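# Breakdown of the fold
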Amino acid sequence: MKIIQKLKDFLGRIKTGVSRFSIPFGFSVVLFLILAYSIIFEKSDSEIIIPLIFGAGFGLVVSILLKIMSERCRKIAPNFIVQLILSSITAIACFVLTYILKIDNAYVFAAYWGLIISCGCFGFYLLSRGENDQTIFSHTISSIVFTGAICAILSAGISICIAAVQFLIFDFEGDTIWKILAVANLFIWSVVAVNLFLSYIPEKDTKVTAPKVFKMLSLYVGLPLYMLLIAVLFVYLAKIVITLKMPIGEINWFASFAALFFIFFMLSVRQYEERSAQLFTRFGGYLLIPVVIVQGIAIMERVVAYGLTTPRTCSIILVLIGLMFIITSLISQKHLSKVYIAAGIIVLLVTITPLNVISIPKYSQQNILEEVLIKNNMLKDGAIIPNESISQEDKDRILSSYHYLEYAEGKKVDFLKDTENLNTLEIFGFEQKYSDNINKYYTFSCKDSIDISGYNRMVDAYGKSDNMIEVEVDGKKTVIDTKDVFQKLYDKHGKDNNDLDLYIVSDKIALYIKQLSGDISSDNKIEYCYFEGYVLLKN
């Protein structure tokens, strides 16, 4: 009877959540239907499917934020009709933009996830207002974990049941069984999981607390381990002081983790009255300040020498957000939730404005490249003049900026427009200097559009890292060694080439190369080779 009652409570919770978050429920169903359609009819590569998925996903997030606003902001609370209209408009706008501009455009991708993250920040701020200020974070984390555990059990159970039907009752033909499994699990994770999690979002006057297991894991297990990490970082800082040698690319990751976990534990344990929690809440920020300062110095040294890149820009942003939490925790705990608003605004600034994490690094690299070229009299009337007789430091800076700009999104700088099919020796008068123990990495691929008339069969050769592709033509087996193909392309081109025609293996076999990449040592020995593409055959 208890199991039946628990099941009734579970279904009742989902029903209540669906009733309360009816618009997000609708978007979750739409998202499920789009994904299910792409699985059943094998349309995952359709140009319209991905924009539809992103549009429905964005509408889901916006509708959740609007619902929270309607409950928490009485003066400007949008009613049901306004919520439906606004979330639908944003979903349609997202679909249109991602369809026209393509989601694989780095600017579109950054803007999309920037808006998603900022919506999350603003939603957290609204939920943090009032008596749940200290408990909403731990409650949310616990809800995510519990939802994941419940849905994992449901997923495993339904998969076993479907498999039992397949093996014991009815044998589905072809790949039907895999489609059924995929759609069933998709329903669990896109509809049940979303709406179960939403059912745990507290209403305005509902007080929430974190489960006891969360307290045990965060306060008695996680926090001591975090303090151990801080101790290790302090030993490393002492090493820097003793050796007077600033690290290059060594401390950044660990310091970033330290800052992120500081935010996690500050928001998690400040609700508890234990002495360890109170000491950390009051003084923990002081421990992070020297770590963040050293991290900032290390990042700025790289920026001054080689300019901004997207990863470095993201590191700076994380440092700033971490500092906001640290300073706010030391000045006034009651204003800590306002950092969510600041973080959301920062995310919007660096993703949807001209100050985004793609454009700013690109401008930084352009300025560095132009500055070093002008310094060495290598830029005249908008054209680059090769010059081998410059310092190694300037060569490194030129090549670092050039390689970054070579693959950067958007319009190329004017003086690099005519360098697309040239190597660095032809452009600047010198090549990248490699040490004897460092391999050179090359990649080759075919044009996007190629005439394949005459070929009547195609074999997928995805992810071949074992070098060998075996095909059969007219009853005769042929083995293609992709290492040999890579060697021949390297010998012919000597550099990356992403504009190849079909690679002809024989009069009846050709390769369409999506990606052929690998490492070549200083003695021209192939160390590694990876192939992805198709084998075209004539019968």
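So, how was this worked out
Residues numbered from 1 in each chain as written. Predicted model: local features only at pLDDT ≥ 70, side-chain atom pairs only at ≥ 80, totals over all residues. Heavy atoms only, no water. Helix = DSSP H or I, 4+ residues; strand = E, 2+ residues; numbered from the N terminus. Buried < 20%, exposed > 50% of the residue type's maximum accessible area, 1.4 Å probe, protein only. Contact = heavy atoms within 4.5 Å. Areas by Shrake-Rupley, 256 points an atom, 1.4 Å probe, with all protein chains shown as cover. Lys, Arg positive; Asp, Glu negative; His and termini not counted. Charge placed at Lys NZ, Arg CZ, Asp CG, Glu CD. Patch = residues over 30% accessible without salt bridge, like charges linked within 9 Å, V, L, I, M, F, W, Y side chains within 5 Å. Salt bridge = Lys/Arg side-chain N within 4 Å of Asp/Glu carboxyl O. Phe/Tyr/Trp six-rings, centres within 6.5 Å; stacked < 30°, edge-to-face > 60°. Lys NZ or Arg CZ within 6 Å of the ring centre and 35° of its normal. Expected span 1.5 Å × (residues − 1). Core = buried A, V, L, I, M, F, W, Y, C linked by side-chain atoms within 4.5 Å. Axes fitted to C-alpha atoms, helices over the stretch in contact; angles between N-to-C directions. Parallel < 35°, antiparallel > 145°, perpendicular 65-115°, else oblique. Left-handed = near helix turned anticlockwise from the far one by under 90°. Nonpolar A, V, L, I, M, F, W, Y, C, P; charged D, E, K, R; others polar. Pairing = 2+ DSSP bridges. Disulfide = S-S within 2.5 Å.

### Looking at the overall build of the protein chain
From N to C terminus, the protein chain includes 16 helices and 10 strands. Overall, the protein chain is about 70 × 70 × 45 Å in size when its C-alpha atoms are taken along their principal axes. Each of the 539 residues in the protein chain was classed as buried or not, and the buried ones make up 43%. A separation threshold of at least 6 residues defines the contact pool for the protein chain, and within that pool the share at least 24 residues apart is 75%. By element, 63% of the accessible surface of the protein chain is carried by carbon and sulfur atoms, the whole surface being about 30000 Å². Counting 50 positive and 50 negative side-chain charges, the protein chain places the centres of these two groups 12 Å from one another.

### So, a nonpolar patch on the surface
Taken together, the side chains of Val213, Met216, Leu217, Tyr220, Val221, Leu225, Leu228 and Val232 make up a nonpolar region of the molecular surface, amounting to roughly 770 Å² of accessible area. Structurally, Val221 is set in helix H8 (residues 212-243).

### Some points on the packing of aromatic side chains
Under the counting rule described, the total for this entry stands at 23 aromatic pairs. Here Phe124 and Phe137 contribute two aromatic rings whose centre-to-centre distance is 6.2 Å and whose plane-to-plane angle is 40°, an arrangement assigned as tilted. One end of the pair, Phe124, is in helix H5 (residues 106-128); the other, Phe137, is in helix H6 (residues 136-169), with 13 residues separating them in the sequence. For Phe124, a relative accessible area of 22% corresponds to the partly exposed category. Pairwise contacts between aromatic rings join Phe124, Phe137, Tyr226, Phe257, Phe261, Phe262, Phe264, Phe265, Phe280, Phe325 and Tyr340 into one cluster. Against the face of Tyr455 rests Lys538, its NZ or CZ located 4.8 Å from the ring centre.

### A few points about the pattern of salt bridges
Tallying each qualifying case throughout the model produces nine salt bridges. We note a salt bridge from Lys447 to Asp501, for which the minimum N-O separation is 3.0 Å. Residue Lys447 is found in the loop between strand E3 (440-446) and strand E4 (457-464), and its partner Asp501 is found in the loop between strand E7 (497-500) and strand E8 (503-506); the two are separated by 54 residues along the sequence. The partly exposed category is assigned to Lys447, whose relative accessible area is 29%. Between Lys508 and Asp474 there is a salt bridge, and its shortest N-O distance comes to 2.4 Å. Remark: Asp474 occurs in the loop between strand E5 (468-473) and strand E6 (476-481) and Lys508 occurs in the loop between E8 and strand E9 (509-520); sequence separation between them is 34 residues. Taking relative accessible area as the criterion, Lys508 reaches 29% and is therefore assigned partly exposed. What emerges from the salt-bridge pattern is a single network uniting Arg20, Lys67 and Glu71.

### Some details on helix H9 (residues 252-269)
In this model, H9 (18 residues) spans 25 Å end to end at C-alpha, consistent with the 26 Å of a helix rising 1.5 Å per residue. All of the buried residues along H9 are Ala255, Ser256, Ala258, Ala259, Phe262, Ile263, Phe265, Met266, Leu267, Ser268 and Val269. Looking at the buried side of H9, the elements it contacts are H6, H8, helix H10 (275-306), helix H11 (310-331) and helix H12 (338-352).

### As for the nonpolar core
One finds Tyr226, Ile251, Phe262, Phe280, Leu288 and Phe325 to be the most contacted residues of the largest nonpolar core, which totals 62 residues. Discounting residues that sit within four places of it in the chain, Tyr226 has contacts with Ala258, Phe261, Phe262, Phe265, Phe280 and Leu288. Within the second largest apolar cluster, 29 residues are counted, among which are Tyr442, Tyr455, Phe486 and Ile520.

### Brief notes about unusual backbone geometry
Of note, Asn377 is a non-glycine position whose phi angle comes to about 55°, a positive value. Within the element layout of this structure, Asn377 appears in the loop between helix H13 (359-375) and strand E1 (379-380). Positioned with a positive phi, Asp381 is a non-glycine residue whose angle comes to about 55°. Here Asp381 is to be found in the loop between E1 and strand E2 (383-384).

### Quick word on the packing of H10 against H11
Interaxial distance between H10 and H11 falls to 9 Å at its minimum, and their mutual angle equals 155°. Between H10 and H11, the angle is such that the two are roughly antiparallel. The handedness of the crossing between H10 and H11 is left-handed. Contacts from Thr281, Arg282, Gly285, Tyr286, Leu288, Ile289, Val292, Gln295, Ile299, Arg302, Val303 and Tyr306 in H10 reach Arg312, Ser315, Ile316, Val319, Leu323, Ile326, Ser329 and Leu330 in H11. Among the residues forming the contact of H10 with H11, the class breakdown is 12 nonpolar, five polar and three charged.

### Things to note about the pairing of E6
Note: E5 against E6, six bridges, orientation antiparallel. For Val473, the partnering residue across the bridge sits in E6 and is Lys476. Hairpin connection, E5 to E6: the antiparallel pair is bridged by two residues, and Asp474 has positive phi, about 55°.

### Here we look at the state of the cysteines
Under the definition given, this model contains zero disulfides. Of all cysteine sulfurs in the structure, the one in Cys161 sits closest to Cys151, which takes part in no disulfide; the separation is 16 Å. Owing to a relative accessible area of 0%, Cys151 belongs among the buried residues under this scheme.

### What to know about the packing of helix H3 (residues 49-72) against helix H4 (residues 80-101)
Here H3 crosses H4 at 155°, and the two axes come no closer than 8 Å. Our classification of the angle between H3 and H4 gives roughly antiparallel. Judged by the sense of rotation from one axis to the other, the crossing of H3 with H4 is right-handed. For the pair formed by H3 and H4, the contact residues are Pro51, Leu52, Phe54, Gly55, Phe58, Gly59, Val62, Ser63, Leu66, Lys67 and Ser70 on the first element and Gln83, Leu86, Ser87, Thr90, Ala91, Cys94, Phe95, Thr98 and Tyr99 on the second. Of the residues that constitute the contact of H3 with H4, the class distribution is 11 nonpolar, eight polar and one charged.

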